[in-house]
Number of protein chains: 2
Amino acid sequence: MPYPSKLDSETLASAAFDMIEQGGVDDFSMHKLAAEFGVKTASLYRYFNKEALIQAVNTLTYHSLLQAMYEAVSAEGDPAQRLLLGAKAMAAYAHQHPVTYMLAFRNTDDALRPEEGATEQAVLPLQAIIAEISGEADSLAALRGLQALAHGFISLTLAGQYRRGGDLDAHFEQSVVAYLRGWE
Amino acid sequence: MPYPSKLDSETLASAAFDMIEQGGVDDFSMHKLAAEFGVKTASLYRYFNKEALIQAVNTLTYHSLLQAMYEAVSAEGDPAQRLLLGAKAMAAYAHQHPVTYMLAFRNTDDALRPEEGATEQAVLPLQAIIAEISGEADSLAALRGLQALAHGFISLTLAGQYRRGGDLDAHFEQSVVAYLRGWE
DNA sequence: CGACAAAAACTAATATCATTAGCTTTAAAG
DNA sequence: CTTTAAAGCTAATGATATTAGTTTTTGTCG
């Protein structure tokens with residue numbers, strides 16, 4: 001093993017995640033990331049080009065987010081309560097990592113998304129819970145709506161689209177509760 | 001008025017809108033826009049820098065979208081039906097203009113949003129309708145949840161996050177109906 | 001102990017961007 | 001016909017992502 005490396009993919013992706021969360025995606029550059037490691041820009045290309053790096057950052061986001069939600073819905077309680085906790089965990093994660101959260105979900109571009117399958121398995125437990133409310137047949141529809149409601153509320157909040165005051169957390173909770181009640 | 005201008009702000013913004021919708025935001029540049037008008041890049045800066053241009057594009061998006069929704073909810077029918085039509089109009093608009101739709105709602109950045117007040121008045125009719133379902137006191141919460149559900153479903157769809165098949169249009173409608181029922 | 005090989009990082013270059021300062025062209029108004 | 005100010009142009013700067021080809025490094029093997 002010649003030449004002990006200063007870099008590796010995992011550390012790079014993690015540092016990129018932090019830099020983007022701190023300074024915004026638009027101010028992020030391969031040059032700045034290289035500087036963080038005391039290395040020339042071109043050296044990064046052994047590991048990632050920018051697109052692949054951002055895909056890796058998005059993969060980190062997915063895993064952390066799903067992990068947080070999974071833990072939240074593992075609590076005791078009736079299905080609606082557990083799902084509300086899951087939605088709240090999602091919102092909490094997003095507010096702690098607003099930039100990378102938006103980055104992960106804003107793109108229309110296949111290349112920036114995690115590989116297929118990374119997330120599909122992970123939502124099955126959620127679907128099982130919501131099936132207790134909506135019934136099996138409608139569980140996919142109900143799950144998608146819940147994801148949509150939570151993600152929509154989070155991203156409209158982060159994008160500054162709710163500018164009329166009021167208690168946003170309360171409105172979030174009321175909306176999720178109403179949605180789940182509607183599926184009963 | 002010396003020197004008849006080849007350019008004006010409105011035409012530029014509209015052309016930028018079309019270019020972005022066609023080719024994606026990332027491939028859009030001041031240079032390409034200038035070329036479309038047979039003009040040098042620097043000439044655009046009399047009217048817009050890139051940030052202001054994108055804000056103008058986003059303003060166009062807001063106006064068109066709100067217009068489409070306003071027309072949709074003006075139909076006859078009970079409140080839930082009219083709101084469903086509004087949500088569907090929003091989805092239809094987004095699917096016709098996916099790139100600019102995402103562009104308008106993805107940014108955390110104040111500078112890229114339309115001026116305050118441009119959109120606030122416009123949603124008041126919607127709030128009046130949903131108040132018939134939720135009651136006045138909860139009408140803002142209920143409206144925000146509906147916006148969130150519709151926007152969330154649209155943007156998760158455009159971002160390719162619903163990859164498990166099924167009839168997305170049907171799931172969208174079922175979710176909106178369930179949500180509104182939950183507020184009764 | 002020294003030469004080799006391959007990994008890791010570097011140098012150098014290209015092409016694309018956004019942006020600014022200052023100059024030139026144009027045509028309407030007097 | 002001269003003035004003048006608007007509109008567009010030239011030229012330059014400093015980021016940016018990326019690639020090709022070169023140099024450095026050090027474990028391994030003779």
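The present account deals with the structure reproduced in this document. (Residues numbered from 1 in each chain as written. Chains lettered and ligands numbered in written order. Predicted model: local features only at pLDDT ≥ 70, side-chain atom pairs only at ≥ 80, totals over all residues.)

1. Regarding the overall build of chain A
Tallying secondary structure elements over chain A gives 8 helices and 0 strands in all. Secondary structure of chain A in N-to-C order comes out as α-α-α-α-α-α-α-α. Split into buried and exposed, the 184 residues of chain A put 39% on the buried side. Long-range pairs, those at least 24 residues apart, make up 68% of the contacts in chain A between residues at least 6 apart in sequence. (Helix = DSSP H or I, 4+ residues; strand = E, 2+ residues; numbered from the N terminus. Buried ≥ 20, exposed ≤ 12 C-beta atoms within 10 Å, placed from the backbone. Contact = placed C-beta atoms within 7 Å.)

2. Brief notes about the packing of helix H4 (residues 79-96) of chain A against helix H8 (residues 168-182) of chain A
Residue and element names in this part refer to chain A. Between H4 and H8, whose axes approach to 10 Å, the crossing angle comes to 140°. The orientation of H4 with respect to H8, classified from their angle, is oblique. Note on packing geometry: the crossing formed by H4 with H8 is right-handed. Along the contact surface, H4 presents Ala80, Leu83, Leu84, Ala87 and Ala91, while H8 presents Phe172, Glu173, Val176, Val177 and Leu180. Looking at side-chain class alone, the contact of H4 with H8 contains 9 nonpolar, no polar and 1 charged residues. (Axes fitted to C-alpha atoms, helices over the stretch in contact; angles between N-to-C directions. Parallel < 35°, antiparallel > 145°, perpendicular 65-115°, else oblique. Left-handed = near helix turned anticlockwise from the far one by under 90°. Nonpolar A, V, L, I, M, F, W, Y, C, P; charged D, E, K, R; others polar.)

3. Some words on helix H3 (residues 50-73) of chain A
Between its first and last C-alpha atoms H3 of chain A spans 35 Å; for 24 residues at 1.5 Å apiece the expected length is 34 Å, and the two agree. What H3 of chain A keeps buried is the set Leu53, Ile54, Gln55, Ala56, Val57, Asn58, Thr61, Leu65, Met69 and Val73 of chain A. (Expected span 1.5 Å × (residues − 1).)

4. Some words on the interface of chain A and chain B
At the interface, 41 residues of chain A touch 40 residues of chain B. If one sorts the elements of the side of chain A that touches chain B by residue count, helix H7 (residues 139-158) of chain A sits on top with 14 residues. Taken together, the residues that form the side of chain A that touches chain B break down as 18 nonpolar, 13 polar and 10 charged.

5. Some words on the protein's contact with DNA strand C
Taken together, 23 residues are adjacent to DNA strand C, and Lys6 and Ala42 of chain A together with Ser29, Ala42 and Lys50 of chain B come closest. Tallied by class, residues from the surface near DNA strand C come to 12 nonpolar, 6 polar and 5 charged. (Near = placed C-beta within 6 Å.)

6. Thoughts on the relation of the copies chain A and chain B
Relative to chain B, chain A is turned by 180° and slid 0.0 Å along the rotation axis, the superposed coordinates differing by an RMSD of 0.0 Å. The transformation just described matches what one would write down for a two-fold rotation axis. (Least-squares fit on C-alpha atoms with pLDDT ≥ 70 in both.)

7. A short note on the environment of Gln96 of chain A
All names here are of chain A. Here Gln96 shows up in helix H4. Gln96 gets classed as exposed once you count the C-beta atoms within 10 Å, which come to 12. Measuring from C-alpha to C-alpha, the distance between Gln96 and Trp183 comes to 30 Å, with 87 residues separating the pair along the chain.

8. Quick notes on the environment of Tyr93 of chain A
All names here are of chain A. Note that Tyr93 resides in helix H4. Along the sequence, Tyr93 and Ser64 sit 29 residues apart, while their C-alpha atoms lie 8.4 Å from each other. Setting aside anything within four residues of it in sequence, one finds Tyr93 in contact with Ser64, Leu65 and Ala68.

9. Description of the packing of helix H7 (residues 139-158) of chain B against helix H8 (residues 168-182) of chain B
Residue and element names in this part refer to chain B. Following both chains from N to C, one finds H7 and H8 inclined at 165°, their axes separated by 10 Å at the closest point. By the angle between their axes, H7 is roughly antiparallel relative to H8. Considering only the axes of H7 and H8, their crossing is right-handed. Contacts between H7 and H8 involve Gly145, Leu146, Leu149, Ala150, Phe153 and Thr157 from the former and Leu168, Phe172, Ser175, Val176 and Tyr179 from the latter. Split into classes, the residues belonging to the contact of H7 with H8 amount to 8 nonpolar, 3 polar and no charged.

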